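# Structural overview
Residues per chain, in single letters:
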Amino acid sequence: MESDSHELEPIEAYENEDSLEISDKATVEATIELVQDTPINEDPNEKNVYKKKPRKKTSTYVGSKNKQKVLSVESNAYGDVGIISNFQFDENKVKELLAHMILYHEYPCRMVEHVLFNKFIKACTPHWKKISRATAKSLCFATYDFEKKKLKALLNRVPKVNITTDMWTSCQKVSYMVVTCHFIDFDWQLNRRVLNFCNIPPPHSGLLIADGLHKCFRDWGIESKFCSITVDNAKANDVALRHLRDVFNMRKSLVVGGKLFHVRCCAHITNLMVQDGLGEIGDIVDCVRDGIKFLIASEGRLKQFTEIAKNLHLSSKKLFLDVPTRWNSTYLMLSAAYEFKDVFSMYRFNDRQFTWVPSHEDWDKVKSVCELLGVFNRVTKIVSGSDYPTSNLFLPEI
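Residues numbered from 1 in each chain as written. Predicted model: local features only at pLDDT ≥ 70, side-chain atom pairs only at ≥ 80, totals over all residues. Heavy atoms only, no water.

### With respect to the sheet that holds strand 7 (residues 262-264)
Backbone-to-backbone hydrogen bonds pair the strands of a sheet. The strands run either parallel or antiparallel. Strand order in this open sheet of five strands is 5-4-3-6-7, and the pairing throughout is mixed. Looking along the sheet, the strands with just one partner apiece sit at the ends: strand 5 (190-199) and strand 7. With direction set aside, neighbouring strand axes in the sheet form an average angle of 25 degrees. Pairing geometry for strand 6 (residues 226-231) and strand 7, over three bridges, is parallel. Across the sheet, the residue bridging to Val231 is Arg264, located in strand 7. (Pairing = 2+ DSSP bridges. Helix = DSSP H or I, 4+ residues; strand = E, 2+ residues; numbered from the N terminus. Axes fitted to C-alpha atoms, helices over the stretch in contact; angles between N-to-C directions.)

What follows is the structure in C-alpha cells.
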C-alpha cells in the first residue's frame, strides 16, 4: 500500500541572509523551524525526500557599519589629564611637536630626512608628508618666536623676578653667558626660564657684562621687576652689578634701595673654601691623580689592578679621574682611591714603573679630608637646587 503522505519540497536557506530585513529574516527562521518539526516518514522502504540541513547562524541585529572613534587625550603642563576628544590628524600640531622635539633633545634638523624616521612616522599615521631640513629649521625658529611671545606675556603679569647668570668657556675657546629667570606664578609654582644664551667676546670686563645683561632685560621687558641677581664671586661680576645697581636705583625700581640686588652664589663660595682647603694636601692629591692617570692609560695595567682588587675582595668601585677645577670630582676620585689603598701598595711590586703610592700617613689624611668633603658635597647639592627655594636653607647658617 502506498503511503498517503505527501512528499515535502526541500526548502533552501537563503545564502545571503544578512542582506534581508529583520522581518524577512524572522519569517525564514520560523519556516525552517516548522519544517524541522514536521515528522518524516520513518518507513525504511521509502526514500526520505527531505534531509535536515544544518542551520546557519545569523544575527538578528543589524548595527551601524561606522567604525568606533579613536579618543585623543591631551595632558596639561603638570602632566594631568586635560581634554578628551575624538582623534583627528592635525598636520600643524605634528610639526609643532616635531620642532619641540628637535629643540629639546638638540637633534640635527637633517633628522627629518632620515629614511627610518620617515618610515616610523608613516607607520604611525599614513597622513605624514616628508619635510626637508630647511623646513625643519624654519619650524624651529617659528617655535622659538611663538614660545618667546608666550613667555613675554607671562612675565608681563609677574610682579617680581630673580635672575641668575654665569659665564664659562667652551672647549672651542668660545665664551658664553647664560641668563636664567626665576619667578613664582599665579598657582604658587616656582618657575625658571632661560632668557638668553649668548656669546660674550673678550675682554670679559664688568662693563661689557653689564651691557649684555641690560640688553637682555630690556628685550624681555623686565627692567623694573628685579628683586635680586645671583652671580659668582668674581671681580668682573662685582663691577657689572655695581654699575647695574646705580642705573636701576636712578629709576627707583629696586627693592629696599638695592640692598638685596647683588646676591653671591653660596655654592661658588663653598667651592672657593674647599679649593683652598684642598691646597693643604695638594701633594697627596697630585700623587693620587698621577697614579690613576698611569693606570688607566693602559688596559693591561688596569686589568692587573682590577684582578688584585678582586683577590682582596674589595668593593666593586672603579678608579675615577677628576677634573681639577671641580672639587666635587676630586672628592669622588679620593674616596674611590682610598678604597684601593692596599691595591696601590701591592701593584707596585708587579710594576716597578709605578711609583705613585701614598704613605700610610697620607692615606689617613685622605680619609679625614673625604669625611669633611662629604659634608660639603651634600651641602652643595642642596643649595644648588633649582626646583625649590634655597635661601632659607643657608641664610640662617651665615
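### Quick look at the nonpolar core
Grouped together as the largest cluster of nonpolar side chains are 30 residues, with contacts concentrated most on Phe305 and Phe344. In contact with Phe305, other than residues within four places in its own chain, are Leu295, Leu319, Phe340, Val343, Phe344 and Tyr347. (Core = buried A, V, L, I, M, F, W, Y, C linked by side-chain atoms within 4.5 Å. Buried < 20%, exposed > 50% of the residue type's maximum accessible area, 1.4 Å probe, protein only. Contact = heavy atoms within 4.5 Å.)

### Overview of the pattern of salt bridges
According to the stated counting rule, one finds ten salt bridges in the structure shown. As a salt-bridge pair, Arg251 and Glu223 come within 3.1 Å of each other at their nearest N and O atoms. Of this pair, Arg251 sits in the loop between helix 6 (235-250) and strand 7 while Glu223 sits in the loop between helix 5 (206-220) and strand 6, placing them 28 residues apart in sequence. Arg264 is the partner of Asp238 in a salt bridge, and the nearest nitrogen-oxygen pair spans 2.9 Å. Taken as a pair, Asp238 in helix 6 and Arg264 in strand 7 lie far apart in primary sequence, 26 residues in all. Classification of Arg264 by relative accessible area gives partly exposed; the value is 37%. One connected set of salt bridges, linked through shared partners, spans Lys148, Lys152 and Asp219. (Salt bridge = Lys/Arg side-chain N within 4 Å of Asp/Glu carboxyl O.)

### Notes on helix 2 (residues 91-105)
Helix length check: helix 2 (15 residues) gives 21 Å between terminal C-alpha atoms against 21 Å at 1.5 Å per residue, within 8%. Looking at the buried residues of helix 2, the elements they touch are helix 3 (115-124) and helix 4 (133-157). Just downstream of helix 2 lies Glu106, where phi reads positive at about 60 degrees. (Expected span 1.5 Å × (residues − 1).)

### Digging into the state of the cysteines
Counting across every chain of the model gives zero disulfides. Free cysteine Cys181: the closest other cysteine sulfur is in Cys216, separated by 9.0 Å. Judged by relative accessible area, Cys181 falls into the buried class, the value being 0%. (Disulfide = S-S within 2.5 Å.)

### Points about the packing of aromatic side chains
All chains considered together, the criterion is met by 17 aromatic pairs. Here Phe226 and Phe261 contribute two aromatic rings whose centre-to-centre distance is 6.3 Å and whose plane-to-plane angle is 85 degrees, an arrangement assigned as edge-to-face. Of the two residues, Phe226 sits in strand 6 while Phe261 sits in the loop between helix 6 and strand 7, which places them 35 residues apart along the sequence. The burial state of Phe226 is the same as that of Phe261; both residues are buried. Of the aromatic side chains, those joined through ring pairs into one cluster are Phe294, Phe305, Tyr338, Phe340, Phe344, Tyr347, Phe354, Trp356 and Trp363. Here the basic side chain of Arg301 rests over the ring of Phe294, its NZ or CZ set 3.9 Å away from the ring centre. (Phe/Tyr/Trp six-rings, centres within 6.5 Å; stacked < 30°, edge-to-face > 60°. Lys NZ or Arg CZ within 6 Å of the ring centre and 35° of its normal.)

### Things to note about helix 10 (residues 327-339)
If you check helix 10, its first and last C-alpha atoms are 19 Å apart, about what 13 residues at 1.5 Å a residue would give, namely 18 Å. Across the 13 residues of helix 10, ten count as buried, placing the element largely inside the fold. Among the residues of helix 10, those classed as buried are Trp327, Ser329, Thr330, Tyr331, Met333, Leu334, Ser335, Ala336, Ala337 and Tyr338. Where the residues of helix 10 are buried, they touch helix 7 (266-278), helix 8 (282-296), helix 11 (341-350) and helix 12 (360-383).

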